Structures are given as C-alpha cells and as structure tokens.
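Residue-level structure breakdown
Read off the chains here:
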Amino acid sequence: MRISSNFDSGNIVVIKASAPNDIQLRIQKDHQSDFYQWFHFKLESTAFVSHRLTITDLKNSAYPDGWKNYQAVASYDRQEWFRVETEFDGDNLVIQHTPEYEHIYFAYFAPYSYERHLDLLAWAQTSVNCQQVFLGETLDGRDMSLLVVGEPEEGKKAIWVTARQHPGETMAEWFVEGFLERLLDLNDGLARQLLDKAVFYVVPNMNPDGSVRGHLRTNAVGANLNREWATPSLESSPEVFYVMQKMRETGVDLFLDAHGDEALAYNFVAGCEGNPNYSPRLQTLEDTFKTSLQMATPEFQDTFGYAKDKPGEANPTVATHAVGQQFDCLAFTLEMPFKDNIELPDTAYGWSPLRSKQLGEDVLIAMRSVIDMLR
Ligand SMILES: [Zn+2]
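To keep things clear, this report deals only with the structure shown in the data block. Here the structure is a predicted model, which means the values were calculated and not measured. The residue numbering used here restarts from 1 in each chain and proceeds along that chain's sequence as written. This being a predicted model, a pLDDT of at least 70 is required before a residue's local features are given, and a value of 80 or more before pairs of side-chain atoms are given or counted; all residues contribute to the totals for chains, interfaces and linings. In computing side-chain properties, one takes all heavy atoms of the structure into account and sets aside hydrogens as well as water.

All right, on to the overall build of the protein chain then. Check the secondary structure of the protein chain and you find 8 helices and 17 strands. The principal-axis extent of the C-alpha atoms belonging to the protein chain is close to 65 × 40 × 40 Å. Counting every position in the protein chain, which comprises 375 residues, the buried fraction comes to 58%. When the accessible area of the protein chain is evaluated, it comes to approximately 15200 Å², of which 47% is carbon and sulfur surface. In this tally Asp and Glu are treated as negative and Lys and Arg as positive; neither His nor the chain ends contributes. Where a charge lies is defined by one atom per residue type: Lys uses NZ, Arg uses CZ, Asp uses CG and Glu uses CD. Distance from the positive charge centre (32 side chains) to the negative charge centre (54 side chains) of the protein chain: 1 Å. The numbering of helices and of strands both runs from the N terminus, where a helix is a DSSP run of H or I of at least 4 residues and a strand a run of E of at least 2. For each residue, the accessible area found with a 1.4 Å probe, counting protein chains only, is set against the maximum for its type, and the residue is called buried under 20%, exposed over 50%, and partly exposed in between. Accessible surface is estimated by sampling points in the Shrake-Rupley manner with a 1.4 Å probe; for residues, cover comes only from the protein chains shown.

Next up, the structure:
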C-alpha cells in the first residue's frame, strides 16, 4: 500500500498506512501560514478491499464547520470526481471506500490543474474576441495571466472577473471555464450583445503558486491574497499588485470575484453594503443582479449567506470592497459550496465542476440585466 502526493496541488502527510482499515493522515499547512484544509493524494492498494482513511487534527483546520455533512471526492481517471462515504467526529474525517481499481485519487474538491489552466488560456486566445495578456510574475516565477475579451472602445463598460485568490477553491476556476465557454461562443446571442457593450477582463487564476503547491488559502509566502487589496506589494502579493495596476488602467464598472465556501451549502453573493461609498445606485444594481440570477437558475439564492456588514464597516483589504470603493462600481464576492447546494442535492457528485461551469454560463444573464445601468 502506498500513498503519494508529489504532484500538482498534492497535499497529504502519511502518519500510518500499513493496514487498509487503519490509514492515518493529516493535511500539510499552507507554506508560511497556519491555514490547512485542502487535501489531494493518491492511494495505491488492493482493489475491492474496504479502506478506512482517517484525516486527523481537523478541529484546528481553517474551517472545522466545513467538514460537517461533507463528502470527500474521489476519482480513478482524474476526470470524473464522485463523492465517497465520509463522516466527521469533530476532529477526524473518516473516509470509508472500497476502490474498484488499484490506484485512486482523493481530494477536497475536484482539482483544477495548472496544465488545465494553461490549456484554458491557450484555447481562449484562439478566439477572435480574446487576447491573453501577461501581467507580471508570481513569487515562484509563474505567469499572472489576464484574458481580455472584446474590443476596447470608447463608451464600453469594463467588467472584471477574478477567481481562485484562495487556490483550494477550485470550483472558482471551473466557474470561469464555463463563463468563458459561453462568452467566447460566436453563436451565442447573449454573449454577442454583451460584447457590443462591454469588454471583459478575466483572471482565471489569481493564485497559481498556491494552486500548484496544494494550498487552501495563501500564496507562496503565506499571504492571504483576499486581505491584500488595501496595500498590495511586490514582496508579498504581486498577484494583487499587478491586477490592481491593470484595473486602474481599464477602469472597472462591474467586478465579480469567484470563491468557494467551506461551510455553507449554498451559492450566494456578498456585496458592498458596508463600504463608505455605498449608495442607492449600487443597491439597485446589486438587487437587479441578484433577482436576475435567481430567475436564471435555482442554483442561486439570496436567503443564506454571510451576515451583512454594517454601514462603513466593510473590511477594506477584501477585493470586492476595495474595488467597489475605488471604482464606485457594482462588486460581488460569489461563493459556491464545497459540499452541495442543499436545495438541489446530488448525492453522487455534490457540487461539481459541471455545475460550477453552468453557473459561470448563467451569470452572464445577470450581467445582461445590469449592463445598461452600470454607469
Ligand atoms: Zn475564498
């Protein structure tokens, strides 16, 4: 029996792996940080034998509530990620599974590999409507890449979409993949109309270093990028520094920052009601967007989510608040579940890459509902 994680976004520490019914594991912390929650590893063992894998010491993980009613994902072919029987006792996550093949992968959520990220960028640039732009280098020397979709022209709105500031929230990049597939579809009337009115600036992965390193929440030097937007620096958060620099060049009329939430089993958005500049205009934009997305898909709702900030009490280091304030624009954090949408549960797959992609397509409908009101 062998457990390995020395691959793209791998993360596990083996405590004990001598008997199939008593495999003991723990999760490695993000480098220079105390966050840990993301896991991704391969088990090589005997097929058709019951295995019991225990991931220990989770009461100190980043989001202990994330493990309640959570089912881990597994895959034989690294394409299809299905849910497996999982229980949590307050500190230990126990995965009970009888693999059908000798090699099986387990993960916190369906991984989105760095290779797939590069494939997405390469595919997108072959569209007549899309250009790939290099913004700068990460601390590990990877490219910070921006996709510009549409022809910049006087009077067009600037719509920014970012994803995976928190690298373990892979659903955010699946979401962007679906978003781009619809936006770049030359036969899609909605996409064509939006591109007549707006230019889209899309960062599919805000944190490539953390992604490859198998982090949940931080970059190569332990910075939580979604707390860096007040004072980004080339030393600790070049990813944010370069994106903000480009935003100042293009302006921002709508900003959507895609994330995954460990605990809540819903899709929801968090807005800018706590910003100093929040206004009836911004509230109307928020309400119109949310109503439209609810009409477009039952995967989205506006009842459950984060507690609303009191006026003037928004955290200015968070991307949505910083961008919403600086550009006086509609700005949302979009959260998808690691678990499932409890209102439309799917026991086989839970919340999944395909559903994330579909939400990415559907969000264009909500963007259309506000496009003429943005300025
Ligand atoms: Zn996040």
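After presenting the structure, the write-up continues.
One full turn of an α-helix is made of 3.6 residues, so residues set three or four places apart face in the same direction. For a helix, the expected span equals 1.5 Å multiplied by the number of residues minus one. Between its first and last C-alpha atoms helix α5 (residues 238-250) spans 18 Å; for 13 residues at 1.5 Å apiece the expected length is 18 Å, and the two agree. Every buried residue of α5 is accounted for by Pro-238, Glu-239, Val-240, Tyr-242, Val-243, Met-244, Lys-246 and Met-247. Looking one or two residues past α5, Gly-251 carries a phi angle of roughly 75°, positive in sign.

The next thing to look at is the coordination of the zinc ion. Counted as donors are the N, O and S atoms within 2.8 Å of the metal, or 3.2 Å for Na, K and Ca, while water is not among the atoms, so some sites may look incomplete. Taken together, the protein ligands of the zinc ion are His-166 (ND1), Glu-169 (OE), Glu-169 (OE) and His-259 (ND1), with distances of 2.1 to 2.5 Å. The sequence pattern formed by the donor residues of the zinc ion is H-x2-E-x89-H. Here the residue His-166 occupies a position in the loop between β13 (157-163) and α2 (171-183), and His-259 occupies one in strand β15 (residues 254-261), the gap between them amounting to 93 residues. Residue classification places His-166 among the buried residues on the basis of a relative accessible area of 3%. His-259 gets classed as buried once you look at its relative accessible area, which sits at 1%.

Glancing now at the nonpolar core. Grouped together as the largest cluster of nonpolar side chains are 80 residues, with contacts concentrated most on Phe-39, Phe-106, Phe-200, Phe-289 and Met-367. Apart from residues lying up to four places away in sequence, Phe-289 is in contact with Leu-256, Leu-330, Phe-332, Val-363, Ala-366, Met-367, Ser-369 and Val-370. One finds Leu-135, Val-148, Leu-225 and Ala-319 within the second-largest nonpolar core, a separate group that totals 26 residues. Nonpolar cores are built from buried Ala, Val, Leu, Ile, Met, Phe, Trp, Tyr and Cys residues. Side-chain atoms within 4.5 Å join them into one set. When checking whether two residues touch, look at their non-hydrogen atoms; a contact exists if any pair is within 4.5 Å.

As a further point, take the packing of aromatic side chains. Between the rings of Phe, Tyr and Trp (Trp by its six-membered ring), a pair exists once the centres lie within 6.5 Å; its type follows the angle of the planes, with under 30 degrees stacked, over 60 edge-to-face, and the other angles tilted. Per the counting criterion, the structure on display carries 20 aromatic pairs. Ring geometry for Trp-67 versus Tyr-108: centroids 5.1 Å apart, planes at 40°, classification tilted. Of this pair, Trp-67 sits in the loop between β5 (51-55) and β6 (73-75) while Tyr-108 sits in the loop between β10 (103-107) and α1 (114-125), and the two are 41 residues apart along the sequence. The rings of Phe-39, Phe-41, Trp-67, Tyr-70, Phe-106, Tyr-108, Phe-109 and Phe-338 are connected pair by pair, giving a single aromatic cluster. Here, a charge over a ring means that NZ of Lys or CZ of Arg falls within 6 Å of the ring centre while also lying within 35 degrees of the ring normal. One Lys or Arg, Arg-142, reaches over the ring of Tyr-114 and ends 5.5 Å from the middle of that ring. Between the NZ or CZ atom of Arg-217 and the centre of the ring of Phe-35, over which it lies, the distance is 5.3 Å.

Looking now at the packing of α2 against helix α8 (residues 353-370). If you want to describe how two helices pack, look at the angle between their axes and the distance between the axes. Axis definition: a line fitted to C-alpha atoms, over the contacting stretch in the case of helices. Angles run 0 to 180 degrees between N-to-C directions. At a closest axis distance of 7 Å, the pairing of α2 and α8 adopts a crossing angle of 55°. By the angle class used here, α2 and α8 are oblique. Relative to α8, α2 is oriented so that their crossing is right-handed. In contact with Met-171, Trp-174, Phe-175, Glu-177, Gly-178, Phe-179, Glu-181, Arg-182 and Leu-183 of α2, α8 contributes Pro-353, Ser-356, Lys-357, Leu-359, Gly-360, Glu-361, Val-363, Leu-364, Ile-365 and Met-367. Split by residue class, the contact of α2 with α8 holds 11 nonpolar, 3 polar and 5 charged. Geometric relationships in this document are graded by angle, where less than 35 degrees denotes roughly parallel, more than 145 denotes roughly antiparallel, 65 to 115 denotes roughly perpendicular, and other angles denote oblique. Left-handed describes a crossing in which the near helix is turned anticlockwise from the far one by less than a right angle; the clockwise case is right-handed. Throughout this entry, Asp, Glu, Lys and Arg are counted as charged residues, while Ala, Val, Leu, Ile, Met, Phe, Trp, Tyr, Cys and Pro are counted as nonpolar. The remaining residues, Gly among them, count as polar.

To continue, consider the sheet that holds β10. When DSSP finds two or more bridges between two strands, those strands count as paired. Reading across from one edge, β1-β4-β10-β6-β7 is the order of the 5 strands in this open sheet, with antiparallel pairing throughout. Strands at the two margins of the open sheet, each flanked by one partner only, are β1 (2-4) and β7 (82-83). As judged from the 3 bridges shared by β6 and β10, these two strands associate in the antiparallel manner. Within the sheet, the bridge partner assigned to Ser-75 lies in β10 and is Tyr-105.

Only a pair of cysteine sulfur atoms within 2.5 Å qualifies as a disulfide here. Tallied over the entire structure, the rule returns 0 disulfides. Cys-272 provides the cysteine sulfur closest to Cys-329, a residue in no disulfide bond, and the two sulfurs are 7.3 Å apart.

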